[in-house]
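Each chain, written out:
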Amino acid sequence: MVFRLFCTLFGLHREGVNNVSVEADKDQIVVIGVGIDSVCLAKSLRKKLKYAVIVSVEEVKPKEEEKKPEIETIPIQWTPQKILVKLHVHCAKCRTKALKIAATAPVSIQGEDRDHLEVIGDGVDSVCLTRAMRKKIGSADIVKVEQIGGSSTDN
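In what follows, the accompanying structure is described. (Residues numbered from 1 in each chain as written. Predicted model: local features only at pLDDT ≥ 70, side-chain atom pairs only at ≥ 80, totals over all residues. Heavy atoms only, no water.)

**Brief notes about the nonpolar core**
For the record, the criterion: Nonpolar core, defined: a set of buried Ala, Val, Leu, Ile, Met, Phe, Trp, Tyr and Cys residues in which side-chain atoms within 4.5 Å join the residues together. Only protein chains enter the accessibility calculation, which uses a 1.4 Å probe; a residue is then buried when its area is under 20% of its type maximum, exposed when over 50%, and partly exposed in between. The numbering of helices and of strands both runs from the N terminus, where a helix is a DSSP run of H or I of at least 4 residues and a strand a run of E of at least 2. The contact definition used throughout considers only heavy atoms, calling two residues in contact when any of these lie within 4.5 Å.
Counting 16 residues, the largest nonpolar core has L87, L117, V119, L129 and M133 as its most contacted members. Among the elements of the structure, β3 (81-87), α3 (92-101), β5 (116-121) and α4 (126-136) are those that each provide at least two residues to this core. A per-element tally of this core places β3 first, with 3 residues. Residues contacting L87, with those up to four places away along its chain left out, are A98, D115, L117, M133, S139 and A140.

**As for a nonpolar patch on the surface**
Worth spelling out the cut-off: Surface patches are defined over residues having more than 30% relative accessible area and no salt bridge, joining like charges when they lie within 9 Å and nonpolar side chains (Val, Leu, Ile, Met, Phe, Trp, Tyr) when within 5 Å. Here, Shrake-Rupley sampling with a 1.4 Å probe gives the accessible areas, and only protein chains in the shown set may cover a residue. The salt bridge definition used is simple: a Lys or Arg side-chain nitrogen within 4 Å of an Asp or Glu carboxyl oxygen.
Taken together, the side chains of V22, I29 and L49 make up a nonpolar region of the molecular surface, amounting to roughly 220 Å² of accessible area. Tracing the backbone shows L49 in helix α2 (residues 38-49). Given a relative accessible area of 36%, L49 falls into the partly exposed group.

**What about a positive patch on the surface?**
What counts is decided by this rule: The positive count covers Lys and Arg only, the negative count covers Asp and Glu only, and His and the chain ends enter neither. Throughout, a charge is located at the NZ atom of Lys, the CZ atom of Arg, the CG atom of Asp or the CD atom of Glu.
Among the surface-exposed residues, K93, K97, K135 and K136 lie close enough to one another that they form a single positively charged patch. When residues of the positive patch are traced back to their parent elements, those giving at least two are α3 and α4. Along the chain, the position of K135 falls in helix α4. Under the relative-accessibility criterion, K135 is labelled exposed at 73%.

**As for unusual backbone geometry**
Look at R114: it is not a glycine, yet its phi comes out positive at around 55°. Examined against the element boundaries, R114 turns out to sit in the loop between β4 (107-110) and β5.

**Let's talk about the pattern of salt bridges**
All told, the structure shown has 5 salt bridges when counted by the stated rule. As a salt-bridge pair, E118 and K82 come within 3.6 Å of each other at their nearest N and O atoms. With E118 in strand β5 and K82 in strand β3, the pair connects residues that are 36 residues apart, well separated along the chain. Between E146 and K82 there is a salt bridge whose closest N-O contact spans 3.6 Å. Residue E146 is located in strand β6 (residues 140-147), and its partner K82 is located in strand β3; the two are separated by 64 residues in the primary sequence. Taking the relative accessible area as the measure of exposure, E146 reaches 31% and is therefore partly exposed.

Following this line, the structure appears as structure tokens:
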């Protein structure tokens, strides 16, 4: 609103004008835009203000973006693990839901009451698996997470 009023007041409402600001301490008007004819702009300001002088005409260069150093990515090597989750299931339908949720890896149902779900695989996140079980089935708790097979690293 102020921009339009200012531009109309001083005759700066032209095509290509993006920004107009007043520097009161220097008694200057700064006009920024694309394709502005500085001589024509000075003539229109002289008509309104009776006195106008072009102080400088510059090309505004866009700021160069700082190049961020590339972060070296290290591939994650998943080791096979066995996750044991205790489920509080009431029927076969709930067990079937649990098997469908963990279907990305070999899954088996164990325990006396068939309430433990054993998931074996690599790249399985135990927390995300348990969270999904709680969301779909109800109560689920991580009982045990253990690594399968010895990972031999030679130094």
